[in-house]
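# Coordinates in review
Here is what each chain is made of, one letter per residue.
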Amino acid sequence: MLMTRNRRVRRRFPIVLGLSFCLLAAGLLAGGGWSGPPMVQVVPLQGTVNPASAELLVTAIHQAERAQREAIIIEIDTPGGLDTAMRDMVKAILSSSVPVVAYVAPTGARSASAGVFVMAAAHVVAMSPGTNLGAAHPVGLGGAVADSVLAGKVTNDAAAYIRSLARQRGRNVEWYEDAVRRSVSATETEAMDKKLIDLVARDQADLLAKLDGRKVNVLGQDVTLHTRGAIAVKTPVSLRIKILNALSDPNIAYLLLTLGFYGILFELMHPGSILPGVMGGLALLLGFFALQTLPVNYVGVLLILFAMLLFILDVKAPTHGALTVGGVIAFVMGSIMLVRGQGSGLHVAGGMVALMTALTVVFFTWIVGAAVRSRKRPVVTGRQGMVGETGVVELACSPVGSVFVHGTYWAAEGAEELPVGTRVKVVAVKGLTLKVERA
C-alpha cells in the first residue's frame with residue numbers, strides 16, 4: 001500500500017513542478033514583467049550621411065522595435081551628406097514605435113546639414129557641451145551651378161520639410177527654417193535658450209539620467225521614458241555596412257577611379273599582362289559604384305577621362321610630352337571638381353589630389369620617356385633590322401649572288417662585282433634580296 005502511494009507521488013511531482021513554474025511566470029507577467037534594468041539601443045551617426053549610414057540607422061530601429069528597447073540613442077557627429085539618405089533616416093525615425101533620441105556627442109562634435117534634419121525629426125534632442133548644430137542649406141547634387149529658379153525650388157522644398165518636422169516635435173520652427181535658408185548655426189547653450197533642443201548632457205550616463213521620466217509622443221501615444229540605470233546596447237556594424245561606408249568616402253572613390261584607369265591603360269599598352277587589366281577593371285567598377293553614392297560633378301569625371309585619353313595619345317603619337325602637360329592640367333581640374341560638397345562635408349582632400357597628380361605625372365612621364373627613347377633606337381628586328389649588318393660573299397655577286405649575313409644565307413645584289421670571300425655591308429632590303437656594298 002505504501003509503495004503504491006510513493007509511485008503516485010513520483011508520477012505527480014513533475015506535473016506539480018511544471019504547474020508551479022507556470023503560475024510563477026504568470027504572476028511575474030501580471031505584476032509588470034521580469035524585473036531588471038531597462039535597455040536602450042545606441043547607433044552611431046559619424047562621418048557623412050550616406051546610404052550605408054542610413055541603412056545602419058534603419059536596421060537599428062528595427063532591432064530596437066523587435067527587442068522592445070526603452071529608447072534609441074543616435075550619437076551624432078556629422079558634417080552632413082546626401083539628401084536621399086537623410087530622408088530615409090527621417091522616415092524611419094517618424095515611423096518608429098520606440099522613442100528616438102538624437103544626441104550630438106562627444107564634446108567637439110557637430111550636427112550640420114543633413115544632421116539637422118535628423119535632429120528635427122527625433123522625439124528628444126540633446127547636445128553635449130562644446131558642440132554645435134546648423135548650416136543646413138541644401139547643396140546641388142549635380143555639381144554644376146544651379147540657376148536661381150532651380151536653387152529656389154530646392155531650398156523651398158528643404159525649408160518646408162524641416163518646418164514640418166520642427167512643428168511636429170514642438171520646436172523653434174523659425175530657427176530651423178533659417179538653418180536651411182540662411183545656414184545659421186548655434187552652440188549647445190544657444191540651442192537650449194532658443195528651444196532648439198530638449199536638454200544638455202555631459203555624457204551618455206548623464207543623458208540617460210536626464211531622460212528618465214520624460215514623456216514623449218510616439219505615433220500619437222504618450223510614452224514615459226524609464227532610462228535611469230539603463231544598459232546601452234551598441235548596434236553591431238556588419239561587414240557589408242563597413243564596406244559601403246568606406247566606398248562612400250570621396251577619397252576612396254577617387255583613389256579607386258584613378259587606380260582603375262592606371263590598370264586599364266597598362267593593360268592596353270602591354271597586352272597579355274592580364275593582372276593589371278583585371279585589377280584595374282575591378283577598381284574602376286568599384287569606383288563608379290562609389291560615385292553613385294556621392295554628389296558627383298560629371299564635368300569632373302569627363303575631365304579625368306579626357307586626361308587619360310591625352311596620356312594615351314601622347315604615348316602613341318610623337319608629341320614629346322605636349323599632350324601629357326595638357327593631360328595633367330585636365331586631371332587636376334577634374335580631381336578638384338569631381339565631388340561637389342561645400343557645406344555637406346563631401347569632397348576630395350587636397351592632399352589626395354596632389355598625391356595622385358604627382359603619381360600620374362611620374363607614371364606617364366616614365367612611359368612617354370620610354371616611348372621617345374625607343375623611337376630613337378635603331379631598328380634591330382625584321383627587314384629593317386638587317387640594314388647595317390655585315391657578312392661574307394659566298395657566291396660571287398656579278399651583280400647577283402649569295403651572301404652569309406646574320407647566320408643565314410641570303411640572295412644578294414651588289415653595285416659592283418664582288419668575289420667570294422669579300423666582306424660586305426647591307427645597305428637595303430628588297431623583298432628577300434639584300435642590296436650590299438663592299439664593307
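In this report, the structure presented in the accompanying data block is examined. (Residues numbered from 1 in each chain as written. Predicted model: local features only at pLDDT ≥ 70, side-chain atom pairs only at ≥ 80, totals over all residues. Heavy atoms only, no water.)

The calculated volume of the second largest pocket comes to roughly 220 Å³. Lining the second largest pocket are 14 residues, with His 123, Gln 168, Arg 169, Val 216 and Asn 217 positioned closest to its centre. In terms of residue count, the dominant contributor to the lining of the second largest pocket is strand 9 (residues 215-218) (four residues). Its residues assigned to classes, the lining of the second largest pocket comprises five nonpolar, four polar and five charged. (1 Å grid on protein atoms, 1.4 Å probe; cavity = no way out; pocket = protein on both sides within 12 Å on 5 of 7 lines; lining within 4 Å. Points joined across faces, edges and corners; volume = space filled by probe spheres on them. Helix = DSSP H or I, 4+ residues; strand = E, 2+ residues; numbered from the N terminus. Nonpolar A, V, L, I, M, F, W, Y, C, P; charged D, E, K, R; others polar.)

Attention now moves to the sheet that holds strand 13 (residues 400-405). For sheets, the rule is that strands pair by backbone hydrogen bonds, running either parallel or antiparallel. Spatially, the five strands close up into a barrel ordered 12-13-14-16-15, and their pairing is mixed. Put simply, the sheet's adjacent strands are angled 55° from each other on average, direction ignored. In the sheet, strand 13 pairs with strand 14 (residues 408-414) via six bridges, with the strands oriented antiparallel. When the sheet's bridge partners are listed, Phe 404 is paired in strand 14 with Tyr 409. (Pairing = 2+ DSSP bridges. Axes fitted to C-alpha atoms, helices over the stretch in contact; angles between N-to-C directions.)

A separate point is the sheet that holds strand 3 (residues 100-104). One open sheet accounts for six strands, arranged 8-5-3-2-1-11; its pairing is parallel. On the outer flanks of this sheet lie strand 8 (199-200) and strand 11 (231-234), each paired with one strand and no other. Note that strand 1 (residues 39-46) and strand 2 (residues 71-77) share seven bridges and pair parallel. Its bridge partner lying in strand 2, Leu 45 is registered against Ile 76. Across the sheet, helix 2 (residues 51-67) is in contact with strand 1 and strand 2; its angle to strand 1 comes to roughly 175°. (Contact = heavy atoms within 4.5 Å.)

Quick look at a nonpolar patch on the surface now. A contiguous nonpolar patch, built from Ile 274, Leu 275, Val 278, Met 279, Leu 282 and Leu 286 and spanning about 580 Å² of accessible area, is present on the exposed surface. With respect to the helices and strands, Leu 286 occurs in helix 11 (residues 275-291). Classification of Leu 286 by relative accessible area gives partly exposed; the value is 34%. (Patch = residues over 30% accessible without salt bridge, like charges linked within 9 Å, V, L, I, M, F, W, Y side chains within 5 Å. Areas by Shrake-Rupley, 256 points an atom, 1.4 Å probe, with all protein chains shown as cover. Salt bridge = Lys/Arg side-chain N within 4 Å of Asp/Glu carboxyl O. Buried < 20%, exposed > 50% of the residue type's maximum accessible area, 1.4 Å probe, protein only.)

For the pair helix 2 and helix 9 (residues 239-247), interaxial distance at closest approach is 8 Å and the crossing angle is 150°. Looking at the two axes, helix 2 sits roughly antiparallel to helix 9. Contacts between helix 2 and helix 9 involve Ala 52, Glu 55 and Leu 56 from the former and Arg 240, Ile 241, Leu 244 and Asn 245 from the latter. By residue class, the composition of the contact of helix 2 with helix 9 is four nonpolar, one polar and two charged. (Parallel < 35°, antiparallel > 145°, perpendicular 65-115°, else oblique.)

Okay, unusual backbone geometry next. Here Ala 105 and Pro 106 are connected by a cis peptide whose omega angle stands at 0°. Position of Pro 106 relative to the elements: it lies in the loop between strand 3 and strand 4 (110-112). The backbone of Ser 113 sits at a positive phi, close to 50°, despite the residue not being glycine. With respect to the helices, strands and loops of the structure, Ser 113 is situated in the loop between strand 4 and helix 4 (114-121). Given the relative accessible area of 8%, Ser 113 is considered buried.

What follows concerns the packing of helix 3 (residues 83-94) against helix 4. Angle between the axes and distance between the axes: these two values describe a pair of packed helices. As a packed pair, helix 3 and helix 4 sit with axes 9 Å apart at the nearest point and diverge in direction by 10°. It follows from the interaxial angle that helix 3 and helix 4 lie roughly parallel. Judged by residue contacts, Met 86, Met 89, Val 90, Ile 93 and Leu 94 of helix 3 engage Ala 114, Phe 117, Val 118 and Ala 121 from helix 4.

We now examine the packing of aromatic side chains. Evaluation of the coordinates by the stated rule reveals four aromatic pairs. Arranged with centres 5.3 Å apart and planes meeting at 90°, the rings of Trp 175 and Tyr 176 form a pair that is edge-to-face. As far as burial versus exposure is concerned, Trp 175 and Tyr 176 are alike and both buried. The ring centre of Tyr 161 lies 4.2 Å from the NZ or CZ of Arg 87, which sits over that ring. (Phe/Tyr/Trp six-rings, centres within 6.5 Å; stacked < 30°, edge-to-face > 60°. Lys NZ or Arg CZ within 6 Å of the ring centre and 35° of its normal.)

What follows concerns the pattern of salt bridges. Under the defined criterion, the tally for this structure stands at 12 salt bridges. Ionic pairing is found between Lys 91 and Asp 88, a salt bridge with its closest N-O pair at 3.8 Å. Remark: Asp 88 and Lys 91 occur in helix 3; sequence separation between them is three residues, near one turn of the helix. The salt bridge partner of Asp 212 is Arg 228, with a shortest N-O separation of 3.7 Å. With a gap of 16 residues between them, Asp 212 in the loop between helix 8 (204-211) and strand 9 and Arg 228 in the loop between strand 10 (221-224) and strand 11 connect regions that are remote in the sequence.

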